[in-house]
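Structural overview
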Amino acid sequence: MLAAELTAIGPAHDVVVAKDVPEPGSPGTGRVVVRVEACSINPADILLIEGKYAARPDVPSLIGIEAAGVVEAVGPGVERLAVGDRVLSLGRANWAQKLDLAETEVVLLPPEVDLEQAAMMKVNLATAWRMLTDYVPVGAGEWVIQSAANSGVGVNLIKLAASEGIRTVNVVRRPELIEPLMDIGADVVVVDGPELAHRVQDATGNAEIRLGIDAVAGSLVQRMGDCMAEGGVLVNYGLLSGDPCQLTADQVVFKGLTLTGFWLAKVMRGMSHGEISDMYAGLAQRVVDGTISVPVVARYPLSEIQAALKHAGTYGRDGKVLLRPNG
Ligand SMILES: NC(=O)c1ccc[n+]([C@@H]2O[C@H](COP(=O)([O-])OP(=O)(O)OC[C@H]3O[C@@H](n4cnc5c(N)ncnc54)[C@H](OP(=O)(O)O)[C@@H]3O)[C@@H](O)[C@H]2O)c1
């Protein structure tokens, strides 16, 4: 079978190859074999491959942060899973046709869940949900501002917020995104640039914004800070610009803004398997009921992993790039 192997640290589309590896045999005690139906390619995969993530991966190693699939075989002692179950992998080497996983590395999904959408749940949907709920209590009618609003996380956040009656200000870098984001439930969409705060004040009627969610870092953090109310909390979760987060002394001293960071991997390390399963059960329900649906721009077989990675790294995509390892 094919699996994606990292051969060196370097440009993603050069250093990952589709390699022939042995199929998993019959699963051992407490283990299952999963046939992988869909994997998403996230910015975190690319950062990892390029040696820019929190930890450098082993070389060579199998990689891929997300996958969803169907249980094909169960080993002795497996209690919660059966052949045919739809599942999410909690493993970190998921770009393969089949996975051999411990029962505790798998989350059971509802039978009616769409597996492509499920393959985008583990990282981005959980990230959007936790950032919306963990930092500042924001209720129906209140406002949140976010950057990179057309990203996978951003689209999830717009839809989760809208389903709770929370209003969103969405900062993007391309005007052509305004209409599509309004269509999925955004309340305000603004293109980043000078006078961002004035434009946000005009569009929201001077709303008090106490929660800011940012994936870009750099000077945009400062412009978002200008849009926020006194004592607001800015949560940074990405480094898309590659620049350090920027706030002025006035913003932190006089305005009392707090800048903090979110990293899902760290949050999940503090959760039990039961808590993780419960979180994903709730989120999977949002996928099943149609609240959550993230656009997919292209699907590639594993044999075209390099083209897929190249596509995932391009500017101005209109959705996620997925791998379909089994066609
Ligand atoms: N901390 C965590 O736990 C965590 C979890 C999940 C994701 N993340 C991070 O969240 C971010 C979004 O991930 P995703 O999977 O949702 O992304 P995605 O769907 O692949 O979309 C990429 C987004 O990044 C924007 N972008 C790329 N380069 C940019 C730049 N230099 N300045 C401003 N915007 C830029 C793109 O805008 P255009 O469409 O205009 O190109 C698009 O909105 C990434 O940084 C990722 O690492 C962090």
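Each chain has its residues counted from 1, following the order in which its sequence is written. Note on the predicted model: pLDDT of at least 70 is required for a residue's local features to be given, and 80 or more for side-chain atom pairs to be given and counted; whole-chain, interface and lining totals, by contrast, use all residues.

**Some points on helix α11 (residues 273-288)**
Counted only if it meets this: Think of it this way: any DSSP run of H or I at least four residues long counts as a helix, any run of E at least two long counts as a strand, and we number them from the N terminus. A helix's residues, less one, multiplied by 1.5 Å, set its expected span. Whether a residue is buried, exposed or partly exposed is read from the other C-beta atoms within 10 Å of its own C-beta, which are placed from the backbone; 20 or more gives buried, 12 or fewer gives exposed, and intermediate counts give partly exposed. Directions drawn from the helix axis to the C-beta atoms are what define this arc. In this description, any two residues whose backbone-derived C-beta atoms lie within 7 Å of each other are considered to be in contact.
In a regular helix each residue adds 1.5 Å, so 16 residues correspond to 22 Å; α11 covers 22 Å between its end C-alpha atoms and thus fits that length. What α11 keeps buried is the set Y280, L283, A284 and V287. On an axial view of α11, the arc spanned by its buried residues comes to 110°, and they lie on one face. Summarising the geometry of α11, the exposed residues directed more than 90 degrees from the buried face are G274, E275 and G282. Tucked inside the fold, the buried residues of α11 contact β6 (86-89), β8 (106-108), α3 (115-118) and α4 (121-134). At the exit of α11 stands G290, carrying a positive phi of roughly 90°.

**Points about the site of the ligand**
Worth spelling out the cut-off: Near, as applied to residues and a molecule or strand, means the residue's backbone-placed C-beta atom lies within 6 Å of it. Residues are grouped as follows: Ala, Val, Leu, Ile, Met, Phe, Trp, Tyr, Cys and Pro are nonpolar; Asp, Glu, Lys and Arg are charged; all remaining types, including Gly, are polar. Start and end positions for the domains come from either an automated domain assignment or a database one.
Neighbouring the ligand are 26 residues; S151, G152, Y237, G238 and L264 lie closest to it. Looking at the shell around the ligand, the elements with two or more residues in it are α2 (43-49), α4 and α5 (152-164). The element contributing the most residues to the shell around the ligand is α4, with 3 residues. Among the residues making up the shell around the ligand, the classes are represented as 13 nonpolar, 9 polar and 4 charged. The residues that make up the shell around the ligand include at least three from each of domain 1 (2-120 + 294-323) and domain 2 (124-264).

**Focus: the environment of A128**
Along the chain, A128 falls in helix α4. With 109 residues separating them in the primary sequence, A128 and Y237 have C-alpha atoms 10.0 Å apart. When residues no more than four places from it in sequence are discounted, the contact partners of A128 are V153, N156, L157 and L160.

**Observations regarding the sheet that holds strand β2 (residues 16-20)**
Hydrogen bonds along the backbone pair up the strands of a sheet, which may run parallel or antiparallel. Rule in force here: One requirement defines pairing of two strands: DSSP has to find at least two bridges between them.
Read across the sheet, 3 strands follow the order β2-β1-β4 without closing on themselves; strand pairing throughout is antiparallel. The sheet is open, and its two edges are formed by β2 and β4 (61-62), each paired on a single side. Taken together, the 5 bridges between strand β1 (residues 2-6) and β2 define a ladder with antiparallel strand orientation. Its bridge partner lying in β2, A3 is registered against K19.

**A few points about the pairing of strand β9 (residues 143-146)**
Rule in force here: Every crossover in which the path from the first strand over the helix to the second runs clockwise, viewed with the strands pointing away from the viewer, is termed right-handed.
Residues W143 and I145 point to one face of β9 and V144 and Q146 to the other, with burial holding for every one of them. For β9 and strand β10 (residues 167-172), the ladder comprises 4 bridges, and the chain directions are parallel. Within β10, the position partnered with Q146 by the bridge is N170. Crossover β9 to β10 through α5 is right-handed.

**Some details on the domain arrangement of the protein**
Domain annotation for the protein reports domain 1 (2-120 + 294-323) and domain 2 (124-264). A straight line from the C-alpha centre of domain 1 to that of domain 2 covers 30 Å. At the interface, 4 residues of domain 1 touch 6 residues of domain 2. Residues that form the side of domain 1 that touches domain 2 fall into these classes: 2 nonpolar, 1 polar and 1 charged.

**Points about the sheet that holds strand β12 (residues 209-214)**
Put simply, the rule is: To obtain an axis, a line is fitted to C-alpha atoms, over the contacting stretch when the element is a helix, and the angle between two such axes runs from 0 to 180 degrees between their N-to-C directions.
Strands sit in the order β11-β10-β9-β12-β13-β14 across an open sheet of 6 strands; the sheet is parallel. The sheet terminates laterally at β11 (188-191) and β14 (258-261), the two strands that pair on one side only. Looking at each pair of strands side by side, their axes are set apart by 20° on average, direction ignored. This element, α5, spans β9, β10 and β12 of the sheet and lies at about 165° to β10.

**Focus: unusual backbone geometry**
Trans peptide bonds make up most of the peptide bonds, and negative phi angles are found at most residues other than glycine. A cis geometry characterises the amide bond from V59 onward to P60, with omega recorded as -5°. Structurally, P60 is set in the loop between α2 and β4. Of note in the backbone geometry, N206 takes a positive phi value of approximately 60° without being a glycine. When you line up the elements, N206 lands in the loop between α7 (196-204) and β12. In the Ramachandran plot, A217 falls in the positive-phi region, its phi being about 65° despite a non-glycine side chain. Residue placement: A217 occurs in the loop between β12 and α8 (219-227).

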